[in-house]
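# Architecture and fold: a report
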Amino acid sequence: KERLLCCTTCQLVVHAACYGGPAADEAPFRCEPCRSPDVAVQCTLCPVLGGGRRQVAGGGWCHVTCVTGHQGTGRGARAVADPV
């Protein structure tokens, strides 16, 4: 059974295995955008606002689904600041 996490700040619900990173192991869980409230967190790969985003190397942000689905970026080749 897949473990679900709910951000205590914005109530975003994500699969722990999909979101990954150290934030997924902390209790209470806070998603990365809520842990960085003073930073613009627009996805660099799509125009959709909200959703499960992670910070990528270089300081940008991407939805977990955009990174895994983007051509040329497999799960093992993600350029996240804190690898999943």
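Presented here is a report on the structure given in the accompanying data block. (Residues numbered from 1 in each chain as written. Predicted model: local features only at pLDDT ≥ 70, side-chain atom pairs only at ≥ 80, totals over all residues. Heavy atoms only, no water.)

So, on to the overall build of the protein chain. Tallying secondary structure elements over the protein chain gives three helices and four strands in all. Ordered by position in the sequence, the α and β elements of the protein chain form the string β-β-α-α-β-β-α. Here the protein chain holds 84 residues, and the buried ones make up 37% of them. The long-range fraction of contacts in the protein chain, counting pairs at least 24 apart against all pairs at least 6 apart in sequence, stands at 30%. Summed over all atoms, the accessible surface of the protein chain reaches about 5000 Å², with 57% contributed by carbon and sulfur. (Helix = DSSP H or I, 4+ residues; strand = E, 2+ residues; numbered from the N terminus. Buried < 20%, exposed > 50% of the residue type's maximum accessible area, 1.4 Å probe, protein only. Contact = heavy atoms within 4.5 Å. Areas by Shrake-Rupley, 256 points an atom, 1.4 Å probe, with all protein chains shown as cover.)

Turning our attention to the side chain of His-63. The topology assignment puts His-63 in strand 4 (residues 61-63). We classify His-63 as buried; its relative accessible area is 6%. Apart from residues lying up to four places away in sequence, His-63 is in contact with Cys-43, Cys-46, Val-48, Gly-50, Gly-51, Gly-52 and Arg-53.

Right, let's talk about the pattern of salt bridges for a bit. Once the charged atoms of two side chains with opposite charge are near each other, the side chains can pair. Under the defined criterion, the tally for this structure stands at one salt bridge. We note a salt bridge from Glu-32 to Arg-54, for which the minimum N-O separation is 2.5 Å. In this pair, Glu-32 is assigned in helix 2 (residues 32-35) and Arg-54 in strand 3 (residues 53-55), connecting sequence segments 22 residues apart. The class for Glu-32 is buried, based on a relative accessible area of 12%. (Salt bridge = Lys/Arg side-chain N within 4 Å of Asp/Glu carboxyl O.)

Ranked by size, the top nonpolar core spans 10 residues in total: Leu-5, Cys-7, Leu-12, Val-14, Ala-16, Tyr-19, Phe-29, Cys-31, Cys-34 and Val-64. In this structure, Cys-46, Val-56, Cys-62 and Cys-66 belong to the second largest nonpolar core, which totals six residues. (Core = buried A, V, L, I, M, F, W, Y, C linked by side-chain atoms within 4.5 Å.)

Below, the discussion takes up the packing of aromatic side chains. Given two aromatic rings, their pairing is described by the distance between the two centres and the angle made by the two planes. Across all of its chains, the model carries one aromatic pair by this definition. With a centroid separation of 5.7 Å and 90° between ring planes, the pair formed by Tyr-19 and Phe-29 is classed as edge-to-face. Placement of Tyr-19 in helix 1 (residues 16-19) and of Phe-29 in the loop between helix 1 and helix 2 is noted, with a sequence separation of 10 residues between them. The ring of Tyr-19 carries Arg-54 above its face, with NZ or CZ at 5.5 Å from the centroid. (Phe/Tyr/Trp six-rings, centres within 6.5 Å; stacked < 30°, edge-to-face > 60°. Lys NZ or Arg CZ within 6 Å of the ring centre and 35° of its normal.)

What follows covers unusual backbone geometry. The phi torsion of most residues other than glycine is negative, and most of the peptide bonds are trans. The residue Gln-11 is not glycine, and still its phi comes out positive at about 65°. The exposure class assigned to Gln-11 is partly exposed, which follows from its relative accessible area of 49%.

The subject of this paragraph is the environment of Arg-54. For Arg-54, a relative accessible area of 1% gives the class buried. One polar contact links Arg-54 to Glu-32, side chain to side chain, over a distance of 2.5 Å. (Polar contact = N/O pair within 3.5 Å; in protein donor to acceptor, adjacent residues only side chain to side chain.)

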